[in-house]
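This is what each chain is made of:
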Amino acid sequence: MPHIPSSQIGIVVSKTLILIIGGLITYYSYQAYRRTNAPQHKWLTYGFGVVTLGAVLGGVLDIVVSRIYAVNLIYTSVFVSSGLTAIGLGIILYSLYVR
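Quick notes on the rules
- Residues numbered from 1 in each chain as written.
- Predicted model: local features only at pLDDT ≥ 70, side-chain atom pairs only at ≥ 80, totals over all residues.
- Heavy atoms only, no water.
- Helix = DSSP H or I, 4+ residues; strand = E, 2+ residues; numbered from the N terminus.
- Expected span 1.5 Å × (residues − 1).
- Buried < 20%, exposed > 50% of the residue type's maximum accessible area, 1.4 Å probe, protein only.
- Arc of directions from axis to C-beta.
- Contact = heavy atoms within 4.5 Å.
- Patch = residues over 30% accessible without salt bridge, like charges linked within 9 Å, V, L, I, M, F, W, Y side chains within 5 Å.
- Areas by Shrake-Rupley, 256 points an atom, 1.4 Å probe, with all protein chains shown as cover.
- Salt bridge = Lys/Arg side-chain N within 4 Å of Asp/Glu carboxyl O.
- Polar contact = N/O pair within 3.5 Å; in protein donor to acceptor, adjacent residues only side chain to side chain.

Examining helix H3 (residues 74-95)
Because each turn of an α-helix spans 3.6 residues, side chains separated by three or four positions in sequence point in the same direction. Compared with an ideal rise of 1.5 Å per residue, which puts 22 residues at 32 Å, H3 spans 31 Å between its outermost C-alpha atoms and is within 8% of the ideal. Residues of H3 that are buried include every one of Ser77, Val80, Ser81, Gly88, Ile91, Ile92 and Ser95, and no others. One side of H3 holds all its buried residues, which, seen down the axis, span an arc of 100°. Residues of H3 that are exposed and point more than 90 degrees away from the buried face comprise Tyr75 and Phe79. Residues of H3 that are buried make contact with helix H1 (6-36) and helix H2 (39-69).

This is the structure in structure tokens:
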């Protein structure tokens, strides 16, 4: 069995928590949108969904894809995660202004 660095275990644990918590925030903001039909809640749902997707996708690229193809994708995974986080936060900011 190959040795798994503790940093990768930490990444998996933190990305799992981000998926669970971000998924719950996305779900509850979607429920608020369905209940109120307010466009702010719709955009909030999109924003948190994109932030959560970015974090999880960055982790998948870093650990899973890099192990399968034996390539170092650390910069790609950081770029994907950071880029989607920035986009998601922009959408969340927009949700504060939409009427």
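Next, the rest of the story.
So, H1
Over its 31 residues, H1 extends 44 Å from the first C-alpha to the last, a length consistent with the 45 Å expected when each residue adds 1.5 Å. Taken residue by residue, H1 has Gln8, Gly22, Thr26, Ser29 and Ala32 as its buried positions. The positive-phi residue at the C-terminal boundary of H1 is Asn37, with phi of around 60°.

Points about a nonpolar patch on the surface
Where nonpolar side chains cluster on the molecular surface, the patch consists of Ile4, Ile9, Val13, Leu17, Ile20, Ile21, Leu24, Ile25, Tyr27 and Tyr28 and spans about 950 Å² of accessible area. Along the polypeptide, Tyr28 turns up in helix H1. Accessibility expressed as a relative area gives 53% for Tyr28, which makes it exposed.

Examining the side chain of Ser29
Residue position: Ser29 is located in helix H1. A relative accessible area of 7% places Ser29 in the buried class. Within the structure, the side chain of Ser29 is placed 2.9 Å from the backbone oxygen of Thr26, a separation counted as a polar contact. With near-sequence residues (within four places) excluded, Ser29 lies in contact with His41, Leu44 and Thr45.

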